[in-house]
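The lines below spell out each chain.
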Amino acid sequence: MSFVAQRLEHFDSSDFRDAIRKQALLINPVDLSIGVPEELTADHVKAAAIRAIINDKTTYTPSNGLPELRTAIAHKLKRDNNITLEPSAITVVPGLTTGQLLVYLAVLDPGDEVIVFDPYYPPYPHLASMVGARVVYVSTLPTFQPDLAQIEASITDKTKLIVINTPNNPSGAVYPEKTLRAIAKLAERNNILLISDEIYEHFVYEGEHFSVGSIYPNTITMNGFSKEHAMTGWRLGYIAGPQEIIDAINELQQYIVMSSSSISQHAALAALMHKPTQLVEKYRRKRDLVVTRLRAAGYELHGADGAFYAFMKAPRNLTDVEFVDRATERGLIIVAGRAFSQAHGYIRISYGADIASLERGITILETLARELQIQPTASNQPSTNTAT
Ligand code: PLP
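(A) Structural context of the side chain of T219. One can find T219 in strand β7 (residues 219-224). Within the structure, the side chain of T219 is placed 2.7 Å from the backbone oxygen of Y216, a separation counted as a polar contact.

If you want it as structure tokens, here you go:
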């Protein structure tokens, strides 16, 4: 008999264990698998952290974060997202992954239903199941744009929450304002909360980012420092929304987190003072390189309008795992799409990596396309970003 709790039963990584074992044996592989930007944390951010250490700002902070950081975040939300909230309606968390769990613990009862668009960032469904909620998947394949009629058809009297992530990991889709307004209306009519994970908000190459929290008060807006500020290892994010929910999260934080790292919070305050420049143009060039060359090679690829991922179809009836195996044999590490989707025919490619690695990786994929004799087809056309 196992001592491990039943709630972990659905955490099954057996599909990937074999791939990871093979990938670990590669010498000098090209790694296009991870969601980490190529930039390093900026010097002024590192200096602020060092100053915090030297000045002994190394003790617990309030559970909801340093007041001056929450004030700076409130300004940022107003300026960039048109969201007006008091600093008390913002809580600082040790990364959005923990933040996701805290939100679920605060709002979900066992049996509540959570609508998750497929493909998804893996913690959305897994953590929901872990707290006893039921996950209702709404497929956005093949365009990666959510369809309003499908969402509406998935709503029941148990639906508590719809999780939105735009720009999207893993598809790179950017949801138009029109879509988000329509989802907000639907949520309002049915008394449903929205989570809006906006961690890739500044990585937009087609269309514009729109924060649904600016029009629908029952939105829990989540954002963090990992991607735009290249601070994945500093573990810092924030949650902003209805006061009652933030208060509940703060109660939980006292027992689960105590407080986020004081040093990271001082660094984050410095990060908010200066926006990284030319990030979008740099990532747009990388996106164009990936999309243009993979489509020309014959791969079917939609989305890729934002974030730094392409979610492309595995060609020639290969499953995602089979295609990942073929890539691994040639020294390229990519991720089988089933980590992000109920569908098993997609691959996620991250272009967080530097151009030289991308060039090497794309060349391998072009070679594979020739081996598999795939041809460009009409369905390889770019997405138009107009679906509702
Ligand atoms: N949300 C999305 C959509 C992500 O892709 C990621 C990381 O890849 C996260 C949240 C995690 O953010 P954090 O580093 O703050 O835990």
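(B) Expanded view of the pairing of strand β12 (residues 346-350). Most of β12 sits out of view: five of its five residues are buried. A two-sided burial pattern is seen for β12, the buried positions comprising Y346, R348 and S350 on one face and I347 and I349 on the other. The pairing of strand β9 (residues 309-313) with β12 spans five bridges and is classified as antiparallel. The residue of β12 that forms the bridge with A310 is I349. Pairing analysis gives two bridges linking strand β11 (residues 335-336) to β12, with the strands arranged antiparallel.

(C) Geometry of the sheet that holds strand β3 (residues 113-118). Spatial strand order, β2-β8-β7-β6-β5-β3-β4: seven strands in an open sheet with mixed pairing. Edge positions in the sheet fall to β2 (90-93) and β4 (134-139), since each of these pairs with one other strand and no more. Averaged over all adjacent pairs, the angle separating strand axes in this sheet is 20°, with direction ignored. With five bridges joining them, strand β5 (residues 159-165) and strand β6 (residues 193-197) adopt parallel strand pairing. Each residue of the ladder has a partner; that of N165, found in β6, is D197. Against the sheet, helix α4 (residues 96-107) touches β2, β3, β5, β6, β7 and β8 (237-240), its axis set at about 160° to β7.

(D) Up close: the site of the ligand. Around the ligand sit 13 residues in total, of which L96, D197, Y200, S226 and R235 are the nearest. Within the side chain of N169, an N or O atom sits 2.7 Å from an oxygen atom of the ligand. Between the ligand and D197 there is a distance of 2.6 Å, counted from a nitrogen atom to a side-chain nitrogen or oxygen. Isolated, the ligand exposes 400 Å² of accessible area, and the fraction of that covered by the protein chains is 92%. At a threshold of 2 Å from the grid points, most atoms of the ligand map onto the second largest pocket. Within the shell around the ligand, the residues separate by chemical class into five nonpolar, five polar and three charged.

(E) Representation of the sheet that holds β11 in the model. Here we have three strands laid out as an open sheet, ordered β9-β12-β11, and antiparallel in their pairing. In this open sheet, the two strands that pair with only one neighbour each are β9 and β11.

(F) Region of the structure containing the environment of N64. Along the chain, the position of N64 falls in the loop between α2 (43-54) and α3 (67-81). In this structure, the C-alpha to C-alpha distance between N64 and E251, residues 187 residues apart in sequence, is 9.2 Å. Once residues within four sequence positions are removed from consideration, N64 is found in contact with R70, I90, T91, V92, N250 and Q253.

(G) Region of interest: the side chain of K76. As for its placement among the helices and strands, K76 is situated in helix α3. Beyond its immediate stretch of four places on either side in the chain, K76 contacts N81, E201, N223, Y238 and L272.

(H) Layout of the layout of surface pockets. Empty space within the second largest pocket amounts to approximately 400 Å³. For the second largest pocket, the lining is made up of 22 residues, of which G35, Y121, N169, Y200 and K227 are closest to its centre. Partitioned by chemical class, the residues of the lining of the second largest pocket number 10 nonpolar, eight polar and four charged.

(I) Up close: the packing of α2 against helix α9 (residues 262-273). At a closest axis distance of 8 Å, the pairing of α2 and α9 adopts a crossing angle of 140°. Relative to α9, the crossing made by α2 is right-handed. Taking contact as the criterion, the partners of H44, V45, A48, A49, A52 and I53 in α2 are, on α9, I263, H266, A267, A270 and A271.

(J) Spotlight on helix α10 (residues 279-297). With 19 residues, α10 extends 27 Å from end C-alpha to end C-alpha; this agrees with the ideal 27 Å at 1.5 Å per step. For α10, the set of buried residues is L279, Y283, K286, R287, L289, V290, V291, L294, R295 and A297. Structurally, α10 contributes buried residues whose contacts are with β9, β12 and α12 (355-372). Looking one or two residues beyond α10, the residue adopting positive phi is G298, at roughly 110°.

The rules behind these values
- Residues numbered from 1 in each chain as written.
- Predicted model: local features only at pLDDT ≥ 70, side-chain atom pairs only at ≥ 80, totals over all residues.
- Heavy atoms only, no water.
- Helix = DSSP H or I, 4+ residues; strand = E, 2+ residues; numbered from the N terminus.
- Polar contact = N/O pair within 3.5 Å; in protein donor to acceptor, adjacent residues only side chain to side chain.
- Buried < 20%, exposed > 50% of the residue type's maximum accessible area, 1.4 Å probe, protein only.
- Pairing = 2+ DSSP bridges.
- Axes fitted to C-alpha atoms, helices over the stretch in contact; angles between N-to-C directions.
- Contact = heavy atoms within 4.5 Å.
- Near = heavy atom within 4 Å.
- Areas by Shrake-Rupley, 256 points an atom, 1.4 Å probe, with all protein chains shown as cover.
- 1 Å grid on protein atoms, 1.4 Å probe; cavity = no way out; pocket = protein on both sides within 12 Å on 5 of 7 lines; lining within 4 Å.
- Sits in = over half its atoms within 2 Å of the grid points.
- Nonpolar A, V, L, I, M, F, W, Y, C, P; charged D, E, K, R; others polar.
- Points joined across faces, edges and corners; volume = space filled by probe spheres on them.
- Left-handed = near helix turned anticlockwise from the far one by under 90°.
- Expected span 1.5 Å × (residues − 1).

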